[in-house]
Amino acid sequence: MSRATQVAKLADREKTAGRLLKSSADKFYDPDIDIDWDAEIPADLSFHPEHRISLYGTELWDRMTPQQRLELGKHEIASIASTGIFFEVLLMQMLLKQVYKHDPTTDHVHYLLAEIADECRHSTMFGKACKRFGVPAYGPRKWVKQLAKVLPVLGRGPSAYAAILVAEEVLDRMQRENMVDPGLQPLIRMVNRIHVLEEARHVTFARQEVVQGMAKAGRFARSYHRLLTAVVSYFVALSLVNPEVYRAVGLDPKQAWKAAKNNPHFQETMRYWGERIMKFLAETDLVGGPGTVLWRRSMLLAK
Ligand SMILES: [Fe+2]
Ligand SMILES: [Fe+2]
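Model, not experiment: these values are computed from the prediction.

1. Looking at the layout of surface pockets
Thinking step 1. Computed from the structure, the second largest pocket encloses a volume of approximately 240 Å³.
Thinking step 2. Lining the second largest pocket, in full, are Y138, P140, R141, K142, W143, N242, P243, E244, P253, K254 and W257.
Thinking step 3. If you list the elements that add at least two residues to the lining of the second largest pocket, you get α6 (142-147) and α12 (253-261).
Thinking step 4. Of the residues forming the lining of the second largest pocket, the biggest block, 3 residues, is contributed by α12.
Thinking step 5. For the lining of the second largest pocket, the per-class residue count stands at 6 nonpolar, 1 polar and 4 charged.

Right, here's the structure in full:
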């Protein structure tokens, strides 16, 4: 890359960071103040839309009582939210590493710090929601948690941002639908609304990092980023529903998870949640090669 192009790219980055910082100052929520955590939890409202629950439409589902279905929705949303916490914490680690490396007088670094502050509040908010509903913060499966320790070491450049975008945009697709669903708990809708509003900045920032990173990557680097994005995204998708949630409603975790994976309704839900980010990743040349099999297994890419 020529010196002039490099300077132009840095100027672009500063401009975006400046704009995002202004938005961070104008629009942000403090979940401790902006959410009434003591508000009543109506007994008749759902925690997760029925048609998005992993077992919806299966034989197991047909045998469940309305109460079991409501309960499963509550545990699945707790699993999704706590997996959100897990990936937010990973993102914060990667962003902090960037803060170390760059000039702290730039808007770019100030924006990185603002995004870390947003994610701190989000993780607190998701954790408080699990506590308020009295459900465990399941998070990903234990072995995924172990494996993920290498991510802050391996993750750099466009694939690090792309993998985080997958977590952010999948959640965003789900939350945009949930925040306007009158059949859902008001607390869930408020948590979703806050997250959608603040994540819009993160998505803009990460998308720019992916586009610029891929534009300067050589052939070998592009293949590496393509594969790493597929691997991490597979674990993101796999982690949304921790099979332990099924135990909470008296089902066998192994058997129920198998039914969920083979459930055409759940496959369609995953494809729907992944639709927007998959389009972007395909446009930036991050889908294809040996990772394709993982994309299909993640259910984010239609079979
Ligand atoms: Fe977040
Ligand atoms: Fe985020």
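2. A few points about the coordination of the iron ion (ligand 1)
Thinking step 1. Within the protein, the iron ion (ligand 1) binds to E88 (OE), E119 (OE), H122 (ND1), H195 (NE2) and E199 (OE); these donor distances fall in the range 2.0 to 2.3 Å.
Thinking step 2. Spacing between the donor residues of the iron ion (ligand 1) along the chain follows E-x30-E-x2-H-x72-H-x3-E.
Thinking step 3. A separation of 3.5 Å is found between the iron ion (ligand 1) and the iron ion (ligand 2), both of which receive a donor from E119. In this pair, E119 and H122 are both assigned in helix α5 (residues 107-133), 3 residues apart and thus about one turn of the helix distant. For the pair E119 and H122, a shared accessibility class is recorded, and that class is buried.

3. Some words on α5
Thinking step 1. For α5, with 27 residues, the first-to-last C-alpha span of 39 Å sits near the 39 Å given by 1.5 Å per residue.
Thinking step 2. Count one or two residues on from α5 and you reach G134, which has phi positive near 65°.

4. Some details on the packing of aromatic side chains
Thinking step 1. Applying the stated criterion across every chain yields a total of 7 aromatic pairs.
Thinking step 2. Note on Y56 and W61: the rings are 5.6 Å apart at their centroids and 65° apart in plane angle, and the pair reads as edge-to-face.
Thinking step 3. On the basis of relative accessibility, which here comes to 27%, the residue Y56 falls in the partly exposed class.
Thinking step 4. Aromatic ring contacts, followed pair by pair, group Y111, Y161 and F205 into a single cluster.
Thinking step 5. The side chain of R141 reaches across the aromatic face of W257, ending 4.9 Å from its centre.
Thinking step 6. In this structure, R173 packs its charged tip against the face of Y272, placed 4.2 Å from the ring centre.

Definitions and cut-offs
- Residues numbered from 1 in each chain as written.
- Chains lettered and ligands numbered in written order.
- Predicted model: local features only at pLDDT ≥ 70, side-chain atom pairs only at ≥ 80, totals over all residues.
- Heavy atoms only, no water.
- 1 Å grid on protein atoms, 1.4 Å probe; cavity = no way out; pocket = protein on both sides within 12 Å on 5 of 7 lines; lining within 4 Å.
- Points joined across faces, edges and corners; volume = space filled by probe spheres on them.
- Helix = DSSP H or I, 4+ residues; strand = E, 2+ residues; numbered from the N terminus.
- Nonpolar A, V, L, I, M, F, W, Y, C, P; charged D, E, K, R; others polar.
- Donors = N, O, S within 2.8 Å, 3.2 Å for Na, K, Ca; no water.
- Buried < 20%, exposed > 50% of the residue type's maximum accessible area, 1.4 Å probe, protein only.
- Expected span 1.5 Å × (residues − 1).
- Phe/Tyr/Trp six-rings, centres within 6.5 Å; stacked < 30°, edge-to-face > 60°.
- Lys NZ or Arg CZ within 6 Å of the ring centre and 35° of its normal.

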